[in-house]
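Listed below, chain by chain, are the residues.
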Amino acid sequence: MMDVGRHPRIKLLAYSEVERVSGSVGDFQVQVRKKARYVREDLCNSCAECTKVCPVALPDEYQMGLSSRRAIYIPFPQAVPSAYLINTDDCLGNNPIACGKCLEVCEKKCIDFDMQDELIDLDVGAIVVATGMDVYDPTEIVEYGYGTYDNVITSMEFERLICAGGPTGGHFVRPSDGQRPQRIGFIQCVGSRSTKYGSPYCSNICCMNTVKDTLLLADHYPDTQASVFYMDIRAFGKGFEDLYLRSKDAGVRYVRGIPGEIAQDPETRNLRFVVENTLTGQMEEHELDMVVLSVGVTPRTDSNLVQRLLNISKTGDGFFMEAHPKLKPVDAPSRGIFFAGCSESPKDVKDSVTQACAAASHVQILLNAGEITIDAVTPEIDADLCMKCGKCAAVCPFHAIHWKKGELAEVVEAACAGCGNCAAECPFDAIRMRHFTDDQLRGQIEAILADETHRRDKLVTFACNWCSYAGGDTAGTERLQFPTHGRLIRTMCSARVSEELVLYAFEKGAPMVLVSGCHFADCHYINANRSTVLRIERLWDRLEKLGIRPERLQLEWISAAEGKKFAEVMRVLDAQRAAVTDEEIAHTMQVLAKERAQREAKARARQEKILAKRRAAAQQTPAEAAP
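Residues numbered from 1 in each chain as written. Predicted model: local features only at pLDDT ≥ 70, side-chain atom pairs only at ≥ 80, totals over all residues. Heavy atoms only, no water.

K.L.:
Requested: an account of the overall build of the protein, with residues and values cited.
P.N.:
A tally of helices and strands in the protein yields 17 helices and 27 strands. Dimensions along the principal axes, computed over C-alpha positions, put the protein at roughly 85 × 75 × 45 Å. Expressed as a percentage of the 627 residues in the protein, the buried residues total 46%. Considering only contacts within the protein whose residues lie at least 6 apart along the sequence, 69% involve residues at least 24 apart. Accessible surface computed for the protein: about 32,100 Å², of which carbon and sulfur atoms make up 51%. In the protein, 74 positive and 86 negative side-chain charges are present, and the distance between their average locations comes to 5 Å. (Helix = DSSP H or I, 4+ residues; strand = E, 2+ residues; numbered from the N terminus. Buried < 20%, exposed > 50% of the residue type's maximum accessible area, 1.4 Å probe, protein only. Contact = heavy atoms within 4.5 Å. Areas by Shrake-Rupley, 256 points an atom, 1.4 Å probe, with all protein chains shown as cover. Lys, Arg positive; Asp, Glu negative; His and termini not counted. Charge placed at Lys NZ, Arg CZ, Asp CG, Glu CD.)

K.L.:
How would you sum up unusual backbone geometry? Please name residues and give values.
P.N.:
A cis amide bond links V80 with the next residue in sequence, P81, at an omega value of 0°. Within the fold, P81 resides in the loop between β5 (72-73) and β6 (85-86). Even without glycine at this site, R193 takes up a positive phi of about 55°. Note that R193 resides in the loop between β11 (183-190) and α5 (206-220). Overall, R193 belongs to the partly exposed group, its relative accessible area being 25%.

K.L.:
With reference to specific residues and values, describe the packing of aromatic side chains.
P.N.:
One pass over the full model with this rule turns up 13 aromatic pairs. Aromatic side chains F158 and F186 sit 5.5 Å apart centroid to centroid with 75° between the ring planes, which places their arrangement in the edge-to-face category. Of this pair, F158 sits in helix α4 (residues 155-162) while F186 sits in strand β11; the two residues are 28 residues apart in sequence, bridging distant segments of the chain. When sorted by exposure, F158 lands in the same class as F186, which is buried. Through successive ring pairs, a cluster of aromatic residues spans F158, F172, F186 and Y221. Between K35 and the ring centre of Y15, over which it is positioned, the NZ or CZ distance is 5.7 Å. The side chain of R490 reaches across the aromatic face of Y469, ending 5.7 Å from its centre. (Phe/Tyr/Trp six-rings, centres within 6.5 Å; stacked < 30°, edge-to-face > 60°. Lys NZ or Arg CZ within 6 Å of the ring centre and 35° of its normal.)

K.L.:
Outline the sheet that holds strand β7 (residues 118-124), supporting the account with residue identities and numerical values.
P.N.:
In sheet architecture, strand pairing relies on hydrogen bonds along the backbone and comes in two forms, parallel and antiparallel. If you walk across this open sheet you meet the three strands as β1-β2-β7, and the pairing is antiparallel. Strands at the two margins of the open sheet, each flanked by one partner only, are β1 (16-24) and β7. The sheet shows a mean angle of 20° between the axes of neighbouring strands, taken without regard to direction. (Pairing = 2+ DSSP bridges. Axes fitted to C-alpha atoms, helices over the stretch in contact; angles between N-to-C directions.)

K.L.:
Break down α5 for me, citing the residues and quoting the values.
P.N.:
In a regular helix each residue adds 1.5 Å, so 15 residues correspond to 21 Å; α5 covers 21 Å between its end C-alpha atoms and thus fits that length. Listed as buried for α5 are C206, C207, M208, N209, T210, V211, D213, T214, L215 and L217. Turning to α5, the residues buried within the fold contact α4, β11, β12 (225-230), α6 (240-249), β13 (253-256) and β17 (290-295). (Expected span 1.5 Å × (residues − 1).)

K.L.:
So what's going on with a negative patch on the surface? Which residues, and what values?
P.N.:
On the surface, E537, D541, E544 and E551 cluster together into a negatively charged patch. With respect to the helices, strands and loops of the structure, E544 is situated in helix α14 (residues 529-545). For E544, a relative accessible area of 54% corresponds to the exposed category. (Patch = residues over 30% accessible without salt bridge, like charges linked within 9 Å, V, L, I, M, F, W, Y side chains within 5 Å. Salt bridge = Lys/Arg side-chain N within 4 Å of Asp/Glu carboxyl O.)

K.L.:
Break down the pairing of strand β15 (residues 271-277) for me, citing the residues and quoting the values.
P.N.:
A regular strand places its side chains on the two faces of the sheet in alternate fashion. Alternating positions in β15 separate cleanly, L271, F273, V275 and N277 being buried on one face and R272, V274 and E276 remaining unburied on the opposite face. Here two bridges tie strand β14 (residues 263-264) to β15, and the two strands are oriented antiparallel to one another. Bridge assignment links A263 to a residue of β15, and that residue is R272. Here β14 folds back onto β15 in antiparallel fashion, the turn holding six residues, of which R269 has a positive phi close to 65°. Where β15 and strand β16 (residues 282-288) come together, seven bridges link them in antiparallel fashion.

K.L.:
Help me get a handle on the sheet that holds β15, residues and values and all.
P.N.:
Spatially, three strands are ordered β14-β15-β16 in an open sheet, and the strand pairing comes out antiparallel. Sheet topology places β14 and β16 at the edges, where each strand pairs with a single neighbour.

K.L.:
I'd like to hear about the pattern of salt bridges, residue by residue, with values.
P.N.:
Taken as a whole and assessed by the stated rule, the structure comprises 40 salt bridges. Across the salt bridge formed by R33 and D117, the nearest N and O atoms sit 3.4 Å from each other. Remark: D117 occurs in the loop between α3 (101-105) and β7 and R33 occurs in strand β2 (residues 27-34); sequence separation between them is 84 residues. Classification of R33 by relative accessible area gives partly exposed; the value is 24%.

K.L.:
Can you explain the side chain of N270? Please cite residues and give values.
P.N.:
With respect to the helices, strands and loops of the structure, N270 is situated in the loop between β14 and β15. Its relative accessible area of 8% is what places N270 among the buried residues. Once you skip the residues sitting within four places of it in the chain, N270 turns out to touch R174, R183, A263, Q264, D265, E287, L288 and D289.

K.L.:
Go over the nonpolar core, please, and point to the residues and values.
P.N.:
Core analysis: the biggest nonpolar cluster contains 30 residues, and F398, I401, I431, C493, Y525 and A528 have the highest contact counts within it. The set of elements that each furnish at least two residues to this core consists of α9 (391-395), α10 (421-425) and β23 (431-433). Excluding anything up to four places from it in sequence, I401 contacts C392, A393, C396, A409, E410, V411 and C422. Formed by 26 residues, the second largest nonpolar core is a distinct cluster that contains L441, A505, L543 and L555. (Core = buried A, V, L, I, M, F, W, Y, C linked by side-chain atoms within 4.5 Å.)

K.L.:
Give a detailed account of the packing of helix α13 (residues 499-507) against helix α16 (residues 582-619), specifying residues and quantitative values.
P.N.:
Where α13 meets α16, the closest approach of the two axes is 8 Å, and the angle between their N-to-C directions is 135°. The angle between the axes of α13 and α16 places the two elements in the oblique class. For the pair α13 and α16, the contacting residues are E500, L503, F506 and E507 in the first and T588, M589, L592, A593, R596 and R599 in the second. Classifying every residue of the contact of α13 with α16 gives five nonpolar, one polar and four charged. (Parallel < 35°, antiparallel > 145°, perpendicular 65-115°, else oblique. Nonpolar A, V, L, I, M, F, W, Y, C, P; charged D, E, K, R; others polar.)

K.L.:
Go over the environment of R300, please, and point to the residues and values.
P.N.:
As for its position among the elements, R300 is in the loop between β18 (297-298) and α7 (303-310). Separated by 184 residues in sequence, R300 and T484 have C-alpha atoms that sit 44 Å apart. Excluding residues that lie within four positions of it along the chain, R300 makes contacts with T131, G132, M133 and D134. In terms of polar contacts, R300 uses its side chain to reach the backbone carbonyl oxygen of T131, at 3.2 Å. (Polar contact = N/O pair within 3.5 Å; in protein donor to acceptor, adjacent residues only side chain to side chain.)

Treat this as a map of the structure, not an account of what it does.
Have a look at this one:
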């Protein structure tokens, strides 16, 4: 951070937060609120005289609450700028001034209680999201007694206790009595790889963090007995296995088993538990001076705010979703936004630095290009057909369609990702998706169902490009066995599938139709598949009113990695397809053909009426048009 603060071409806005982001790639408008510090950072010399007289004492967040700070403080050592700030939520009051002791002792007169927040507007071409991550709070795991037993601490608290700049000045002691612990146990996967507590994913860094901590203990306190209780040691990085073996050579005992419950001796404050060593098959009893919970990592608690500001997607675990896990691992689905570090997934320092370098490289390529190249999957709006209703703008997850009441919709192609939600929502067929036009999709439906003698054997499947279509590929490459009656029609997103396309497939003789896409919380187009759900629910009601079994239309969420699920879905739906009779198909075709003719007649009449009004308005003289 100090290097960043000194860099002549980097503008660091500390103690600030982003309020608003608008625009698109190459032309983002960002509004930042620089919070009032109530201390003039250009005058403060960090003499610390103000902290000596401040009467407020609070837990120090940087020291994990193991020491205290004042209402006027420096957030952490080597913070930039090196100046104090006043947290008004903690201060006794500055309007009116209820204390003012810090103001009285400040020789530089740098404390200013009249300071106000400052709004800064920035024009930027690209954005890098590097919001980091939070750590799991193990309080809910009552079996371990965290928050109840003083000598049960987290790995983050251990780091502060053993650090030379920590609350004890580098003297490693246990919280209950200030004595140095001789027997220490580390419990792994606390809040990770669990469906009961925390998160089901592996937090990536916990195993090697514990290995590092045991080596620190072995170096500084060689007489300490350290034991690690684990499910699996995942030392997969370069040099990690060597560190793991060094830890074992240093005398650290690794026990493959997780304790079920910790109990405290009321006199000694020592901790006891029983664990099954799955390598030996024996039950072991342990009494330790201190237990360290190796807590997992979680997405930032304010990630929802960042998601709304930037219009980006999140995966089911809460981390931000990249555009493609293999080909675009640092790009967000929203063009011009990139990820670095643990905002995208849990990772260690090396991987964070690697991704940060990649993000910086992508930003440089983008800004140096001069022009932006986009995929040819964006929409075109037919001005003659557009009725200025604004429905397309309402469903666009990227806010790439600008619309005002009474005006034609306008597409900002640089911001558009090509999901096709707008085209499926438009009731007037005024939006044409390049390379995924309605005519092209209808042509595929016609080709699938062209053979009347075998159309009962066809399962028309609309598959999302990023997930369900790739899931079909995965099923094939894994040599999974499933019926071959499925015929896939690729779309960029399941939201591209309009109600009319589904009805057209049934009208052409499809026994069943499947609409499939990304998992509900994992949409590559932020929240476009919410529109898919609404359309399918409307279609189910519509089919039922027309006397057509709604079960013949199915909706499934299949990810790119779920080849097995794709095969299972195809097996289940193929059995349902076989149960559809020729009479049922013929009835459906007849009903839908009649319904479509009526619908098109009404649409033509409505469109001709609106166009007539437009022509009449265009022929009016200014005097006639005036009220």
